[in-house]
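# Secondary and tertiary structure notes
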Amino acid sequence: MNKTSIPFVGLHAHSVAGSIFDGLGFPSEHMDFAYKNGMDALALTDHGNMNGLAHQVLHAQKMQAEGKDFKPIFGCEAYFIPSVTEWRKEYDKIMQDKKAARAAKKEETSGATVEDEEASKKASRNILNRRRHLVLLAQNQTGLNNLFKIISESYHSENFYRYPRVDFDLLEKYGEGIIASSACLGGVYAGCYWEHREAGTDAVLKAMRGLTERFVSILGDRWYGELQWNNIPEQHELNNYIIQVCKEFNVDLI
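Not measured: the values here are computed from a predicted model. (Residues numbered from 1 in each chain as written. Predicted model: local features only at pLDDT ≥ 70, side-chain atom pairs only at ≥ 80, totals over all residues. Heavy atoms only, no water.)

### Digging into helix α1 (residues 27-36)
Taken as a whole, α1 has its buried residues at Pro27, His30, Met31, Ala34 and Tyr35. The arc that holds every buried residue of α1, seen down its axis, measures 125°, which confines them to one face. Across from the buried face of α1, at angles greater than 90 degrees, the exposed residues are Phe33 and Lys36. Here the buried face of α1 lies against β1 (41-44), α2 (53-65) and β2 (71-80). Downstream of α1 by one or two residues, glycine 38 has phi in the positive range, about 90°. (Buried < 20%, exposed > 50% of the residue type's maximum accessible area, 1.4 Å probe, protein only. Helix = DSSP H or I, 4+ residues; strand = E, 2+ residues; numbered from the N terminus. Arc of directions from axis to C-beta. Contact = heavy atoms within 4.5 Å.)

In structure tokens form, the structure reads like this:
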């Protein structure tokens, strides 16, 4: 294990166990790499599922037996929309058009969630496919139990079309013990950015403030703004918005 004076824990990661075409390596490889580089914990947040959890548990036991003190953090990067009820109304309207319904049904059934990263990084004109990313982490056993319930219900027929969906109602129902963050360029704050940036800064900030108020009302200090660093110009614009809004609401950044 390489010693480091900088405490760091990765809270957003994708593995091949649960993030098809968007993951790298098995959970055990993530954990070994993190430990070798000075970390003592790591979250796994695969898209829409927790299929890697058993890998995490078993490998953590193996590491413990080898004298390696390492904590697996259980999580998921969920697909979020504000209201499944309102989305379902739009879905039912479209399904009344027989031609549109046939086209939609061809894409409805999926044995696994395959992330379309580019589609999530834009203002979606297709109501049926609309969703944003939301990182959910289990804070404790209650949170883990609730996370299981959130994911299970996201796959119920009323929530599912190509992707399992989570909304504010589910978070209010099962939010205890859940930590959440705003995710990436396909995330919930990013949705405000993509949908309102042509209208200008004030419009983006207004949307982000409204979203922040709702998440804070449900999760309190367990809601975090997530910053990411890459070479995409829009990412840095989004980061600046997130920093400003989270400062206004006294929300911590990760």
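### What about the sheet that holds β2?
Read from one edge of the open sheet, five strands run β1-β2-β3-β4-β5, paired in mixed fashion. Of all strands in the sheet, those bounded by a partner on one side alone are β1 and β5 (223-224). Across six bridges, β2 lies against strand β3 (residues 132-138) in antiparallel orientation. Looking at β3, one finds that alanine 78 is bridged to leucine 134. Strand contacts of α2: β1 and β2, with the helix running at about 170° to β2, the strand carrying the most contacts. Together, β2, β3 and β5 form the strand contacts of helix α8 (residues 188-196), whose direction differs from that of β3 by roughly 165°. (Pairing = 2+ DSSP bridges. Axes fitted to C-alpha atoms, helices over the stretch in contact; angles between N-to-C directions.)

### Description of the packing of aromatic side chains
Under the criterion given, the structure shown has 12 aromatic pairs. Their ring planes at 25° and their centres at 5.7 Å tell us that tyrosine 155 and phenylalanine 160 sit as a pair that is stacked. Joined through ring pairs, the aromatic side chains of Phe80, Phe168, Tyr189, Phe215 and Trp223 make up one cluster. The aromatic ring of tyrosine 91 is capped on one face by arginine 88, whose charged end is 4.2 Å from the ring centroid. (Phe/Tyr/Trp six-rings, centres within 6.5 Å; stacked < 30°, edge-to-face > 60°. Lys NZ or Arg CZ within 6 Å of the ring centre and 35° of its normal.)

### Focus on the environment of glycine 25
Considering the arrangement of structural elements, one finds glycine 25 in the segment before α1. With residues up to four places along the chain from it excluded, the contact list for glycine 25 reads Ser15, Val16 and His30.

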